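Topology and contacts: notes
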Amino acid sequence: MRTQHDGLFDLAAFAPDFWTRSETYEHNGAVELDRDFLSEDFCVIQGEHFFVRCVINLPILGENQNFGFGVWSTLSKANFEIYLKHFDEGGFDGIDPWTGWFSNRLLTFEDTLNQPCWVYPQENRQRPWIVMGNAEHELGRAQATGITTKRAIQIYKAYGHFTD
């Protein structure tokens, strides 16, 4: 079945690229820090590596909107625990951004895996925003200066979305 979209829509990575287990999400409330775990918002690998789903926005030149991509970033265990503690209430006011490592390879961009990034927690249960830590990386430049509509279409095509 083919789905038709009007205008821009966001894409999302299912899990961090390091996740090699089942492609089934558990409930967010079942998160455990000492085992492999994957939900729509949290991932733990071997009780040692902690990830959160985030959003990176790329401005579309000449448009009043962004191209969004749901991606994953690492967090330290301490910051992951802070994120869990405040996740349900959505109260992150006054919390500074955390350092992380971009945990997905995005098609059509130079390798994005393990690029440094900043994770900005958001209020009201909105997913954190990612800002690339390396402004010279292709994705960092795209985030800072924007991409063309043509480039957005190339990204959609790379992920199997065809345009007429």
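Above this text is the structure in question.
Residues numbered from 1 in each chain as written. Predicted model: local features only at pLDDT ≥ 70, side-chain atom pairs only at ≥ 80, totals over all residues. Heavy atoms only, no water.

**A closer look at the overall build of the protein**
Threshold: Helical segments are the DSSP runs of H or I of at least four residues, strand segments are the runs of E of at least two, and each set is numbered from the N terminus. To get the radius of gyration, use the C-alpha atoms; to get the globule rule, take the number of residues to the power 0.38 and multiply by 2.2 Å. Each residue's exposure class comes from its accessible area (1.4 Å probe, protein chains only) as a fraction of the maximum for that residue type: buried when under 20%, exposed when over 50%, partly exposed otherwise. Here, two residues are considered to be in contact whenever any of their heavy atoms come within 4.5 Å of each other.
What the protein contains, in helices and strands, is three helices and eight strands. Along its sequence from the N terminus, the protein presents helices and strands in the succession β-β-β-β-β-α-β-β-β-α-α. In summary, the protein has a C-alpha radius of gyration of 16 Å against a globular reference of 15 Å for 164 residues, a match within 12%. Based on the C-alpha atoms only, the size of the protein along its principal axes is roughly 45 × 40 × 30 Å. Out of the 164 residues in the protein, the part that is buried amounts to 41%. Contacts spanning at least 24 positions in sequence make up 54% of the contacts within the protein whose residues lie at least 6 apart.

**Remarks on a negative patch on the surface**
Let me state the cut-off plainly: Each patch is built from residues lacking any salt bridge and having more than 30% relative accessible area; the joining distance is 9 Å for like charges and 5 Å for nonpolar side chains (Val, Leu, Ile, Met, Phe, Trp, Tyr). The protein chains shown are the only cover counted for residues, whose accessible areas, like all others here, come from Shrake-Rupley with a 1.4 Å probe. Just to be clear on terms, a salt bridge is a Lys or Arg side-chain nitrogen sitting within 4 Å of an Asp or Glu carboxyl oxygen. In this charge count, Lys and Arg are treated as positive and Asp and Glu as negative; neither His nor the chain ends contribute. Taken as the charge centre is NZ of Lys, CZ of Arg, CG of Asp or CD of Glu, depending on the residue.
On the surface, a cluster of negative charge is made up of Asp88, Glu89, Asp93 and Glu123. Within the secondary structure, glutamate 123 is located in the loop between β7 (116-120) and β8 (129-132).

**Quick word on helix α2 (residues 138-145)**
Cut-off, in case you're wondering: Arc definition: directions from the helix axis to the C-beta atoms.
Inspection of α2 places Leu139, Gly140, Ala142 and Gln143 among the buried residues, and these make up the whole buried set. Taken end-on, α2 shows its buried residues confined to a sector of 160 degrees, consistent with a single buried face. Pointing more than 90 degrees away from the buried face of α2 are the exposed residues Ala144 and Thr145. Its buried side turned inward, α2 meets β4 (49-59) and β8.

**A short note on the nonpolar core**
Cut-off, in case you're wondering: Residues grouped as a nonpolar core are buried Ala, Val, Leu, Ile, Met, Phe, Trp, Tyr and Cys residues, joined through side-chain atoms within 4.5 Å.
In this structure, Ile56 and Phe67 are the most contacted members of the largest nonpolar core, which totals 33 residues. At the level of secondary structure, the elements contributing two or more residues to this core comprise β3 (42-45), β4, β5 (66-75), α1 (77-87), β7, β8, α2 and α3 (149-158). The greatest single-element share of this core, amounting to five residues, is contributed by β4. Not counting chain neighbours up to four residues away, the residues in contact with isoleucine 56 comprise Phe67, Gly68, Phe69, Val71, Phe102, Ile130, Met132, Leu139 and Gln143. Ala15, Trp19, Leu38 and Trp72 belong to the second largest nonpolar core, which has eight residues in total.

**Observations regarding the state of the cysteines**
What we call a disulfide is simply a covalent bond connecting the sulfur atoms of a pair of cysteines. Let me state the cut-off plainly: To count as a disulfide, a pair of cysteine sulfur atoms needs to be within 2.5 Å.
One pass over the structure, following the stated rule, counts zero disulfides. The thiol of cysteine 43 is unpaired, and the distance to the nearest cysteine sulfur, on cysteine 54, comes to 12 Å. With a relative accessible area of 0%, cysteine 43 lands in the buried category. In this model cysteine 54 remains outside any disulfide bridge; the closest cysteine sulfur is found in cysteine 117, 6.9 Å from its own.

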